[in-house]
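Each chain, letter by letter, is given below.
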Amino acid sequence: MASEDVKTGESAVSTIVNLAEEAKLAREGVKAPSYAVLSICKSLVAGGVAGGVSRTVVAPLERMKILLQVQNPHNIKYNGTIQGLKYIWRTEGLRGLFKGNGTNCARIVPNSAVKFFSYEQASKGILYFYREKTGNEDAQLTPLLRLGAGACAGIIAMSATYPMDMVRGRITVQTEKSPYQYRGMFHALSTVLREEGPRALYKGWLPSVIGVIPYVGLNFAVYESLKDWLIKARPFGLVEDSELSVTTRLACGAAAGTVGQTVAYPLDVIRRRMQMVGWKDASSVVTGDGRRKASVEYTGMVDAFRKTVRHEGFGALYKGLIPNSVKVVPSIAMAFVTYEVVKDILGVEIRISD
């Protein structure tokens with residue numbers, strides 16, 4: 001009887017413990033989705049703010065870059081960055097310097113939000129499988145794995161917002177003298193859809209996908225790897241209490257932007273030129289051989305590369321590199337730092353490697 005009482009008592013205790021654990025799990029189950037949604041929203045907001053701020057600051061240089069990329073080499077209006085900016089200021093005023101920035105922000109805010117969020121999620125997923133494969137629970141992301149996570153984030157974000165990027169390119173190159181004016185992003189989207197069909201909204205998508213892999217991938221890989229190295233090595237007294245200053249983080253972002261944009265730039269030029277194809281009213285479109293006013297037709301990415309190099313030389317693949325270099329360094333640096341600062345303010349954990 002005594003043993004039966006003991007067993008009964010143990011069974012009762014076990015039941016109570018199980019019920020308590022189930023209740024705890026139920027409470028956590030109710031709170032978890034709420035917390036997860038809040039964390040996702042904060043991450044998206046931080047990414048969106050980072051994208052909007054960083055692009056608006058360098059909007060004049062962004063427009064100058066695109067104009068240099070697509071202008072007719074036989075009818076040159078822009079001889080360089082400074083001359084081009086002065087010409088825009090003289091002919092179009094302050095608004096001309098920021099033409100297309102509204103559309104760019106409408107694109108870059110969701111793009112940046114999705115990109116940063118996708119990078120964090122991809123990093124967590126890759127780190128989980130990496131630890132499972134190696135059997136090392138303390139394993140951290142290597143630069144190559146960060147490159148893969150960044151590439152995944154770039155492809156997802158770019159594909160999700162590509163139609164807006166396509167019409168933004170067209171709005172940016174039109175001038176006051178253009179025969180036909182897009183009145184804004186939605187008007188441009190509807191016009192292209194009506195006159196050229198839905199496939200036109202994805203012109204230049206393939207070189208964009210190929211270009212975004214080294215560009216975004218290297219941005220994240222170089223930035224995160226530099227930060228980790230500085231925290232571990234502590235060179236020149238740049239790190240205090242395992243924290244990097246804003247200036248140091250800006251420098252890391254600048255280095256990341258320089259490496260990424262230099263590697264991927266030719267693909268960006270080809271993407272822009274493919275986006276102009278089929279737009280009969282483009283104000284400054286590449287003509288290919290310079291003998292006719294009709295814009296050149298590209299049958300694909302390889303054909304665009306071939307015609308650009310044949311008619312204009314290899315250097316044409318780097319048209320607009322100078323304003324882009326001046327733009328991309330502060331832009332990428334500001335995007336990374338703004339993202340981290342906003343997430344700190346919102347109280348979101350940002351370390352992927354922990």
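Residues numbered from 1 in each chain as written. Predicted model: local features only at pLDDT ≥ 70, side-chain atom pairs only at ≥ 80, totals over all residues. Heavy atoms only, no water.

Enquirer: It is not clear to me how the packing of aromatic side chains should be interpreted in this structure. Could you clarify?
Expert: Taken as a whole and judged by the stated rule, the model has six aromatic pairs. An angle of 50° between the planes, with centres 6.2 Å apart, marks the rings of phenylalanine 314 and tyrosine 318 as tilted. Note on tyrosine 318: relative accessible area 29%, which makes it partly exposed. Aromatic rings pair up to connect Phe116, Tyr119 and Phe220 into one cluster. (Phe/Tyr/Trp six-rings, centres within 6.5 Å; stacked < 30°, edge-to-face > 60°. Buried < 20%, exposed > 50% of the residue type's maximum accessible area, 1.4 Å probe, protein only.)

Enquirer: What is the right way to look at the nonpolar core in this model?
Expert: What tends to happen in soluble globular proteins is that the nonpolar side chains get buried as a cluster. In this structure, Phe116, Val167, Val192, Phe220 and Phe336 are the most contacted members of the largest nonpolar core, which totals 36 residues. Mapped onto this core, the elements with two or more residues apiece are helix 1 (2-57), helix 4 (101-134), helix 5 (143-173), helix 6 (185-196), helix 7 (205-233), helix 8 (246-276) and helix 10 (321-346). Ignoring anything within four residues of it in the chain, the contact list for phenylalanine 220 reads Lys115, Phe116, Tyr119, Arg146, Gly150 and Phe336. With 10 residues, the next largest nonpolar core counts Met64, Leu67, Leu68 and Val70 among its residues. (Core = buried A, V, L, I, M, F, W, Y, C linked by side-chain atoms within 4.5 Å. Helix = DSSP H or I, 4+ residues; strand = E, 2+ residues; numbered from the N terminus. Contact = heavy atoms within 4.5 Å.)

Enquirer: Help me understand the pattern of salt bridges in this model?
Expert: When charged atoms on two side chains of opposite charge get close, those side chains can pair. Taken as a whole, this structure holds 14 salt bridges when the rule is applied. A salt bridge links aspartate 303 to lysine 307; its shortest N-O distance comes to 3.3 Å. Of this pair, aspartate 303 and lysine 307 are both found in helix 9 (residues 301-312), four residues apart, which corresponds to roughly one turn of the helix. On the basis of relative accessible area, aspartate 303 is assigned to the buried category, the value being 7%. With relative accessibility at 18%, the residue lysine 307 sits in the buried group. Beyond isolated ion pairs, a larger network of salt bridges with shared partners links Glu62, Lys65, Asp165, Asp268, Arg271 and Arg272. (Salt bridge = Lys/Arg side-chain N within 4 Å of Asp/Glu carboxyl O.)

Enquirer: Would you explain the environment of arginine 170 in this entry?
Expert: Tracing the chain through its elements places arginine 170 in helix 5. Here glutamate 196 takes part through its side chain, which lies 2.6 Å from a polar atom of the side chain of arginine 170. (Polar contact = N/O pair within 3.5 Å; in protein donor to acceptor, adjacent residues only side chain to side chain.)

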